[in-house]
Amino acid sequence: MMTRIAAALVLAASPAAAQTRPSSTAMTCQQTIRLVQARGALVLGTGGMTYDRFVRDRSFCEPTEIAKRAFRPTRDNPNCLIGYTCYEPGAGDWFGADY
């Protein structure tokens with residue numbers, strides 16, 4: 001009995017049991033925007049093996065980070081504004097139209 005329980009725990013922790021990451025390219029622009037808004041922050045696939053963390057607003061970033069607009073491809077829009085990414089500004093950065 002203990003062997004079966006241990007085997008079940010190992011299987012549950014395996015990568016195959018992990019949830020798949022949602023992908024912006026599988027959803028419409030509006031669906032992707034609503035998902036980011038609803039969750040506040042999430043990791044989202046953006047096509048192929050690429051992914052990033054997207055946030056609803058700056059409150060989901062670290063205190064030293066800023067929120068930069070994130071345009072990513074969706075099923076119906078190759079350049080959809082789905083939310084923001086958190087970005088650590090460098091010495092040469094300035095707050096322009098991209099933020």
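An unreviewed UniProt entry lists the protein chain under the name Protein of unassigned function, with Methylobacterium oryzae CBMB20 as the source organism.

A.B. asks: I tried to follow the state of the cysteines on my own but got confused; where do I start?
C.D. replies: Two cysteines whose sulfur atoms are joined by a covalent bond form what is called a disulfide. What the rule picks out here adds up to two disulfides. Here Cys29 is linked by a disulfide to Cys80, with a sulfur-sulfur distance of 1.8 Å. The S-S bond linking Cys29 to Cys80 shows a torsion near 75°; that makes this disulfide right-handed. With Cys29 in helix α2 (residues 29-39) and Cys80 in strand β4 (residues 80-87), this residue pair connects regions lying 51 residues apart in the sequence. Taking relative accessible area as the criterion, Cys29 reaches 11% and is therefore assigned buried. Two residues, Cys61 and Cys86, share a disulfide whose sulfurs are 2.1 Å apart. On the sign convention where negative is left-handed, the bridge of Cys61 and Cys86, at about -85° about the S-S bond, is left-handed. Of the two residues, Cys61 sits in the loop between β2 (50-55) and β3 (66-72) while Cys86 sits in strand β4, which places them 25 residues apart along the sequence. On the accessibility criterion, Cys61 (10% relative accessible area) is buried. Note on Cys86: relative accessible area 21%, which makes it partly exposed. Each bonded cysteine of the protein chain gets a number by its place in the sequence, and the pairs then read 1-3, 2-4.

A.B. asks: I keep staring at the pattern of salt bridges and nothing clicks. Help me out?
C.D. replies: Any two side chains of opposite charge can pair if their charged atoms end up close together. Enumeration according to the criterion identifies two salt bridges in this entry. Note that Arg56 is salt-bridged to Asp57, the shortest N-O span being 3.7 Å. When its relative accessible area of 30% is taken as the criterion, Asp57 is described as partly exposed.

A.B. asks: Got a minute to help me understand α2 in this structure?
C.D. replies: Along an α-helix, residues three or four positions apart point the same way, because every turn accommodates 3.6 residues. Listing the buried residues of α2 in full gives Cys29, Thr32, Leu35 and Val36. The arc that holds every buried residue of α2, seen down its axis, measures 130°, which confines them to one face. In this structure, α2 carries Arg34 and Ala38 as exposed residues pointing more than 90 degrees from its buried face. If you follow the buried residues of α2, they end up packed against β1 (41-47), β2 and β4. A positive phi of about 85° marks Gly40, the residue just after α2.

What counts and what doesn't
- Residues numbered from 1 in each chain as written.
- Predicted model: local features only at pLDDT ≥ 70, side-chain atom pairs only at ≥ 80, totals over all residues.
- Heavy atoms only, no water.
- Disulfide = S-S within 2.5 Å.
- Helix = DSSP H or I, 4+ residues; strand = E, 2+ residues; numbered from the N terminus.
- Buried < 20%, exposed > 50% of the residue type's maximum accessible area, 1.4 Å probe, protein only.
- Salt bridge = Lys/Arg side-chain N within 4 Å of Asp/Glu carboxyl O.
- Arc of directions from axis to C-beta.
- Contact = heavy atoms within 4.5 Å.

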